[in-house]
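# Report on the structure
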Amino acid sequence: MMGLTKKDFTLLIIVAVLCLFAPFILNPFPEGSAMAQFNAGYPDLMQRLVIFGIFAIGFNILFGLTGYLSFGHAAFLGVGSYAAIWMMKLLTMNVIPAIIVSVAVAGLFSLLVGWISLRRSGIYFSILTLAFAQMSYSLAYSVLTPITGGETGLQPKYTDPRILDGDLPPGETPRANLFGLDMKDSTQITMGDWVFTFNAGYYVAAVVMLVAFYVSIRIFRSPFGMMLRAVKSNQQRLNYTGLNSKPYTLAAFVISGMYAGLAGGLLVAMDTQVGAERMFWTASGEVVLMTILGGAGTLIGPVLGAGFIKYFENIISKINESILHQWFAFMPDGIEDFLVSMVYPFIGKGWHLTLGIVFMLVVIFLPGGLVEGGQRVARLFKRRKPSSDKPDGKTTPAE
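Note that the coordinates shown come from a computational prediction; the quantities given were computed from them, not determined experimentally.

## Some words on the overall build of the chain
Across its full length, the chain holds 16 helices and four strands. Taken against the 2.2 N^0.38 rule, which gives 21 Å for 399 residues, the C-alpha radius of gyration of the chain at 23 Å falls within 12% of a compact globule. Dimensions along the principal axes, computed over C-alpha positions, put the chain at roughly 75 × 65 × 40 Å. Split into buried and exposed, the 399 residues of the chain put 46% on the buried side. When contacts within the chain are restricted to residue pairs at least 6 apart in sequence, long-range pairs at least 24 apart make up 72% of them. Carbon together with sulfur atoms contributes 67% to the accessible area of the chain, which is approximately 20500 Å² in total. Averaging the locations of the 28 positively and 23 negatively charged side chains of the chain gives two centres separated by 17 Å.

Written as structure tokens, this is what we have:
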């Protein structure tokens, strides 16, 4: 179906169902309850989950298939964002042209960066991409301020020309839309003590993420994907066969950069404020963490890793000392204060410490990321089920 195997098509359907029912799945606790702190079903976070999922999917095409570790992918995210915001300032607030141009500009920029960086491999390649990202950040922050807005960034204004849009009343803020559908439009449904929010911008981003996920599956299963795996396995031996691997690695780099540009364009479609901080090296490191944490080289892993990190960033970081006191209020005062003092360093501003510990545990005990953890649990349940099947002596190669 759709050029996919039954297994891959089932995975695509599962991801589609999760995206469709995300407002329900991410809001498991009733409003006003002590556990409502852990609800993640609000539009801004749901949008970031799918957008950074796209970013991680694209990075996984480069790192997961070829083994080339880039520390500069935030540059393509930022370039895509700047391209999108200028389309909204000059042409129209419709998100379609902005997204198309963000992908194209990020692709051209990644072609230039990849053509230079891929002359080296290993740590030298990583350092080159990091250097390009930091140069891009510095240019955007302090040199190209007429184009990037420098420290204050860019956002649409009612005085912008916008050739395809009509004039706005003075003082009215331009809003991103999809053929008139405002990206911030939301509908709330109340069921008892639960409140579920359905946001137009989230579902637009989710549809784009599903298309990006489908394309990544096709790349993984194509002869092109097999060639990229061969590069990761032993590039030197591949070159000895007479095949030139450079065009394949460059193509993977450009595709990965276009995915990053797509994510950058979607970020602008959801929040029309662009700053140079999107190009900082920490953003590049974040997508590396997402991919490794979820499972590099797997299909669903980068999406899981992006969701996990963004959940920590937006939920665990909001827990403060007063909330901890509410949780442990049933304990005697001395024990309550002791527990709060023990837990507090790992939440709020210390959420990075918790994430770092989780990442260390995953790397040490689950090298395949969260996907490997799920596979181990599935195998554990399969062992418990009685089976009358007898081994037939046949084996199937691992993917």
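## Quick word on the environment of Ser-256
By secondary structure assignment, the location of Ser-256 is in helix H10 (residues 246-270). For Ser-256, a relative accessible area of 1% puts it in the buried group. Along the backbone, Ser-256 and Ile-54 are 202 residues apart, and their C-alpha atoms lie at a distance of 9.9 Å. The residues contacting Ser-256, other than those within four sequence positions of it, are Gly-58, Phe-59, Leu-62 and His-73.

## A look at the pattern of salt bridges
A full pass over the atoms with the stated rule returns eight salt bridges. Among the ionic pairs, Arg-162 bridges to Asp-160, the shortest N-O distance being 3.5 Å. You'll find Arg-162 and Asp-160 in the same group, each marked buried. Each of the salt bridges in this network shares a partner with another, and the network as a whole consists of Lys-89, Asp-160 and Arg-162.

## A closer look at a nonpolar patch on the surface
Judged by side-chain polarity, Phe-346, Leu-353, Ile-357, Met-360, Leu-361, Val-363, Ile-364 and Phe-365 come together as a nonpolar surface patch covering roughly 740 Å² of accessible area. Using a relative accessible area of 34% as the deciding quantity, one classes Ile-357 as partly exposed.

## Considerations on the nonpolar core
Ranked by size, the top nonpolar core spans 102 residues in total, and within it Ile-51, Ile-54, Met-209, Phe-213, Leu-262 and Leu-266 carry the most contacts. Ignoring anything within four residues of it in the chain, the contact list for Leu-262 reads Ile-54, Ile-99, Ser-102, Val-103, Val-208 and Ala-212.

## Things to note about the confidence of the model for the chain
Looking at the chain, the pLDDT average stands at 90 and 96% of residues meet or exceed 70. Confidence over residues 395-399 falls short of pLDDT 50; this stretch has two contacts with residues more than four positions distant or in other chains.

Conventions adopted
- Residues numbered from 1 in each chain as written.
- Predicted model: local features only at pLDDT ≥ 70, side-chain atom pairs only at ≥ 80, totals over all residues.
- Heavy atoms only, no water.
- Helix = DSSP H or I, 4+ residues; strand = E, 2+ residues; numbered from the N terminus.
- Rg over C-alpha atoms; globule rule 2.2 N^0.38 Å.
- Buried < 20%, exposed > 50% of the residue type's maximum accessible area, 1.4 Å probe, protein only.
- Contact = heavy atoms within 4.5 Å.
- Areas by Shrake-Rupley, 256 points an atom, 1.4 Å probe, with all protein chains shown as cover.
- Lys, Arg positive; Asp, Glu negative; His and termini not counted.
- Charge placed at Lys NZ, Arg CZ, Asp CG, Glu CD.
- Salt bridge = Lys/Arg side-chain N within 4 Å of Asp/Glu carboxyl O.
- Patch = residues over 30% accessible without salt bridge, like charges linked within 9 Å, V, L, I, M, F, W, Y side chains within 5 Å.
- Core = buried A, V, L, I, M, F, W, Y, C linked by side-chain atoms within 4.5 Å.
- pLDDT = per-residue confidence, 0-100.

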